[in-house]
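# Overview (structure and organization)
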Amino acid sequence: MSTYTVYNTSTGVITHSGSCQTGDESLQAGAGETVDVTGNYSDVAYHYVNGVLTAYSVPLIAAIKAGPPAVGYTWNPLTGWVDHRPLAIAQTQAGQRMLTQRDALEYANFTCAGVTYTASADDQRRIAAAVQLAIIAAQQPFSIVLDDVNNVAVPLNAAGVIAVGAALAASVATAFSRFRTAITAIKAASTNAQADAITL
């Protein structure tokens, strides 16, 4: 058995490596590829420069392990990940990131009167229902219990539960406001780097 490493002749990037029957090494390479029969080398640690096996620097090894920052990047063994995306694609990807971040903010914990509450979709429905009951009760005596972030019961009167609802609404409104600001900035970006740097 023999070990081998196949690399792209033009870029020097290792495409695959392994072992094969002795004499079959040349069969492991495709068009535009070269076979090195001196060993089985890792594509994370090595590449070829003018046909010479060369170790990556530590930062480049870290970049390989991390993977491309986004779809549309290609690997250059000398400089790392190279961005080939059209600006419109970078803006679309940035917009998708903002949606994910907005959802995280929309359902993030919020605080009212020093108490922190959770705000999952179910929590928001329960709080909205409690607010409606408080409004319906009007001037009548009213009390309800909501759980805080640690599942500790928090007794509230009508004014208290309405305040919790208002705090939740403000938290959600802030998430959407920041989202709209970010989307405006993404549309105004003139480079991929500008679009990628935008966050909520």
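Our subject is the structure that appears above.
What comes next concerns the included structure. (Residues numbered from 1 in each chain as written. Predicted model: local features only at pLDDT ≥ 70, side-chain atom pairs only at ≥ 80, totals over all residues. Heavy atoms only, no water.)

Turning next to the sheet that holds strand β1 (residues 2-8). Strands in a sheet are paired, the pairing made by backbone hydrogen bonds, and the direction either parallel or antiparallel. Strand order in the open sheet formed by three strands is β2-β1-β3, and the pairing between neighbours is antiparallel. Among the strands making up the open sheet, the edge pair consists of β2 (14-20) and β3 (33-36). When strand polarity is set aside, the average angle formed by the axes of neighbouring strands in this sheet is 20°. Of the strand pairs in this sheet, β1 and β3 are connected by four bridges, and their pairing is antiparallel. Counterpart to N8 in the pairing with β3 is E33. (Pairing = 2+ DSSP bridges. Helix = DSSP H or I, 4+ residues; strand = E, 2+ residues; numbered from the N terminus. Axes fitted to C-alpha atoms, helices over the stretch in contact; angles between N-to-C directions.)

Before going further, it helps to spend a moment on the nonpolar core. Judged by nonpolar contacts, the single largest core of 19 residues is most densely connected at F110, Y117, I127, L146, L156, V161 and V164. Of all the secondary structure elements, the ones that give two or more residues to this core are β8 (110-112), α3 (121-137), β11 (153-157) and α4 (158-188). Counting residues per element, this core draws most heavily on α4, at six residues. With residues near it in sequence (within four places) discarded, V164 still touches F110, C112, Y117, I127, L146 and L156. Residues A90, A94, F179 and A195 belong to the second largest nonpolar core, which totals 10 residues. (Core = buried A, V, L, I, M, F, W, Y, C linked by side-chain atoms within 4.5 Å. Buried < 20%, exposed > 50% of the residue type's maximum accessible area, 1.4 Å probe, protein only. Contact = heavy atoms within 4.5 Å.)

So, about the pattern of salt bridges. In the structure shown here, the tally under the stated rule is five salt bridges. The partner of D196 in a salt bridge is R85, and the shortest N-O contact between them spans 2.6 Å. Here D196, found in helix α5 (residues 192-197), pairs with R85, found in the loop between β7 (80-83) and α2 (87-106); they are 111 residues apart in sequence, far enough to count as distant. Its relative accessible area of 31% is what places D196 among the partly exposed residues. Its relative accessible area of 7% is what places R85 among the buried residues. Between D103 and R102 there is a salt bridge whose closest N-O contact spans 3.3 Å. (Salt bridge = Lys/Arg side-chain N within 4 Å of Asp/Glu carboxyl O.)

With that out of the way, let us pick up the packing of aromatic side chains. Counting across every chain of the model gives five aromatic pairs. Geometrically, the ring pair formed by Y7 and Y48 is stacked, given 3.9 Å between the ring centres and 15° between the ring planes. With Y7 in strand β1 and Y48 in strand β4 (residues 46-49), this pair connects stretches of sequence that are 41 residues apart. Residue class for Y48 comes out buried when judged on its relative accessible area of 4%. An angle of 70° between the planes, with centres 4.9 Å apart, marks the rings of W75 and W81 as edge-to-face. (Phe/Tyr/Trp six-rings, centres within 6.5 Å; stacked < 30°, edge-to-face > 60°.)

Contact pair α2 / α4: the axes reach a minimum separation of 9 Å and the direction vectors enclose 170°. Looking at the two axes, α2 sits roughly antiparallel to α4. Note on element contacts: α4 touches α2 through S171, V172, A175, F176, R178, F179, A182, I183, I186 and K187, opposite Q91, A94, G95, M98, L99, R102, L105 and E106. Of the residues contributing to the contact of α2 with α4, the split by class is 11 nonpolar, three polar and four charged. (Parallel < 35°, antiparallel > 145°, perpendicular 65-115°, else oblique. Nonpolar A, V, L, I, M, F, W, Y, C, P; charged D, E, K, R; others polar.)

Burial of strand β6 (residues 73-76) is one-sided: the residues Y73 and W75 facing one way are buried, the residues T74 and N76 facing the other way are not. By the bridge criterion, four bridges tie β6 to β7 in an arrangement that is antiparallel. Residue pairing for β7: Y73 is matched across the bridge by D83. Hairpin connection from β6 to β7: three residues lie between these consecutive antiparallel strands.

In this section: the side chain of D36. Position of D36 relative to the elements: it lies in strand β3. The side chain of D36 sits in the buried core without any salt bridge; K65 is the nearest counter-charge, 20 Å away. A distance of 2.7 Å separates the side chain of D36 from the side chain of T38, its partner in a polar contact. Looking at D36, its side chain comes within polar contact range of the side chain of Y48, at 2.6 Å. Look past the residues within four positions of D36 in its chain and what remains in contact with it is T3, Y4, T5, Y7, Y41 and Y48. (Lys, Arg positive; Asp, Glu negative; His and termini not counted. Polar contact = N/O pair within 3.5 Å; in protein donor to acceptor, adjacent residues only side chain to side chain.)

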